[in-house]
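# Observations on the three-dimensional arrangement
Each chain is listed here by its residues.
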Amino acid sequence: MPYDDLRSFLDTLEKEGQLLRITEEVLPEPDIAAAANAAGRIGDGAPALWFDNVKGFMDARIAMNVHGSWRNHALALGLPKETSPREQVEEFARRWDAFPVAPERRADAPWQENTVTGEDVNLFDILPLFRLNDGDGGFYLDKAAVVSRDPEDPDHFGKQNLGTYRMEVIGRDRLALQPVPVHDIAKHLRIAEERGEDLPVAITLGNDPVVPIVAGMPLRYDQSEYEMAGALRGAPMPIATAPHTGLDVPWGAEVVIEGVVESRVRQIEGPFGEFTGHYSGGRRMPVIRIERISYRTNPVFESLYLGMPWTECDYLVGPNTSVPLLKQLRAEFPEVRAVNAMYTHGLLVIISTAKRYGGFAKAVGMRAMTTPHGLGYVSQVILVDEDVDPFDLPQVMWAQSAKVNPKEDVIVLPNLSVVELAPASQPAGVTSKMIIDATTPVAPDVRGNFGTPVKDLPETAEWTKRLRALLADR
């Protein structure tokens, strides 16, 4: 059965040995973030972390690293925890084909248990806030899902966006929001500001484990994240109506924050340790005015550590970036076999593809850069043959070292858009992009000496299974 809230998923993680309770008293800074940082250094089986004995907080319940390993990511999708990353991506792609699955609207959401409004709104009374990196400019909500609607088409369910955007706490009832220009909420805000209107938003914290996955997916503008969540869950996504804004929010959230992005108001936000492994600097960002907070009794505050990869963020956004790129590319180029966009939120993408004719692979690479995700992120593409596994880095490095003639196979495209957080961009938000064609040339491209490749022996696949079985039985 799919999980309807965070708590039921945490129960499963504990039963599976994938939740570690830290019982000793810890400092909010640096212990909580440092522990989550360390979880990313102990391997693909790292557990989620639970803290409820935090110095200075009377009644804190903090969950970190919930998606921070391939085991936890598999369990979030209802798969056995031993499922390999490649198998998880393949299952993810298979479930995509069930999209769309209409959500199920429910009453009596658990977050309706407690409410504060108006002058009583104070984030510091409800959330045990702490900084994640030494150089962070303040406290951040970095694993929240933000809901907004297209002001010109508010009744179009698919154009209602559920996205993950970092938010700095800049007051008891104020947040600074970073809307990356290629993301849907940036379009919603632009339309609202052109109309001279505030943009209503609902922010949900402590969601069921599929919500953070879909909230970071690069879907088309008119595709609903809730309908994708239903496909990934194998059951309708439970949603509820936020009482102040009327927006659709996850039924099982721990906290629901409602308010508006104030039209044409900007305030300095940042710096923040980001998924790139660098600080982002400070920039003028839109401001959210909070007008209502609803929350479960004894809410669980979920956050994630961001910094030098790999961290929880990489496990969370790797598969949900790889699969949309695969589906979007394959719709136009059915020759595409697999896509690996696991690295630094898809700034680097590895694609395996068959070829129709000489130069075909380079066209696939250029198309990857113009997908919804590619416009703002994909800055380097490596193309490999259909018999090379893009998730097997030794194979990829072999292809690049043996098949690339830099003069003809490396293309640099100048002055293209990229997310401003990319540290190599200059100026911020503009970069040169690179395609490396590590595929075997096909006619009429007849370069090189690739006519006599060495292939695996016919019996190798069967012996691979036998060896694995023998090792498992030791």
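Presented here is a report on the structure given in the accompanying data block. (Residues numbered from 1 in each chain as written. Predicted model: local features only at pLDDT ≥ 70, side-chain atom pairs only at ≥ 80, totals over all residues. Heavy atoms only, no water.)

In this structure, P427 follows Q426 across a cis peptide bond, with omega equal to -5°. With an omega dihedral of 5°, the bond running from A443 to P444 counts as a cis peptide bond. Backbone geometry at R264 places phi at a positive 60°, although glycine is not the residue there. Within the fold, R264 resides in strand β14 (residues 255-269). Classification of R264 as exposed rests on a relative accessible area of 60%. (Helix = DSSP H or I, 4+ residues; strand = E, 2+ residues; numbered from the N terminus. Buried < 20%, exposed > 50% of the residue type's maximum accessible area, 1.4 Å probe, protein only.)

The next thing to look at is the packing of helix α4 (residues 85-96) against helix α9 (residues 312-330). Helix packing geometry: the angle between the two helix axes and the distance between the axes. Look at α4 against α9: their axes get within 9 Å of each other, and the N-to-C directions meet at 55°. Overall, the two elements α4 and α9 adopt an arrangement that is oblique. Read as a crossing pair, α4 and α9 show a hand that is right-handed. Residue-level inspection shows V89, F92, A93 and W96 of α4 in contact with α9, the latter providing P319, N320, S322, V323, P324, L326 and K327. The residue makeup of the contact of α4 with α9, split by class, is eight nonpolar, two polar and one charged. (Axes fitted to C-alpha atoms, helices over the stretch in contact; angles between N-to-C directions. Parallel < 35°, antiparallel > 145°, perpendicular 65-115°, else oblique. Left-handed = near helix turned anticlockwise from the far one by under 90°. Contact = heavy atoms within 4.5 Å. Nonpolar A, V, L, I, M, F, W, Y, C, P; charged D, E, K, R; others polar.)

Our next topic: the packing of aromatic side chains. When we look at a pair of aromatic rings, we describe it by the centre distance and by the angle of the planes. If you walk through the whole model with that rule in mind, you get twelve aromatic pairs. Judged by centre distance (5.1 Å) and plane angle (75°), the rings of W310 and Y315 are edge-to-face. Judged by relative accessible area, Y315 falls into the buried class, the value being 3%. Following the ring pairs from residue to residue traces out a cluster consisting of W70, W310, Y315 and Y343. It is K187 that lies over the ring of Y221; its NZ or CZ is 4.0 Å from the centre. Of note, R466 hangs over the ring of W463, and the distance from its end group to the ring centre comes to 3.9 Å. (Phe/Tyr/Trp six-rings, centres within 6.5 Å; stacked < 30°, edge-to-face > 60°. Lys NZ or Arg CZ within 6 Å of the ring centre and 35° of its normal.)

Count 3.6 residues to each turn of an α-helix, and residues three or four apart come out pointing the same way. Residues V396, A399 and K403 constitute the buried set of helix α11 (residues 393-403). Taken end-on, α11 shows its buried residues confined to a sector of 70°, consistent with a single buried face. Opposite the buried face of α11, by more than 90 degrees, sit the exposed residues P394 and S401. On its buried face, α11 sits against β18 (348-353), β19 (380-385), α12 (406-409) and β21 (430-438). (Arc of directions from axis to C-beta.)

To continue, consider the sheet that holds β19. Taken together, five strands build an open sheet; the order of strands is β17-β18-β19-β21-β20 and the sheet is mixed. Of all strands in the sheet, those bounded by a partner on one side alone are β17 (336-343) and β20 (410-417). Across the sheet, the axes of successive neighbouring strands diverge by a mean angle of 20°, strand direction being ignored. In this sheet, β18 lies alongside β17 in antiparallel orientation, the contact comprising five bridges. Residue pairing in the sheet places N340 in a bridge with I350 of β18. Lying on the sheet, α9 is in contact with β17 and β18; it crosses β17 at an angle near 150°. (Pairing = 2+ DSSP bridges.)

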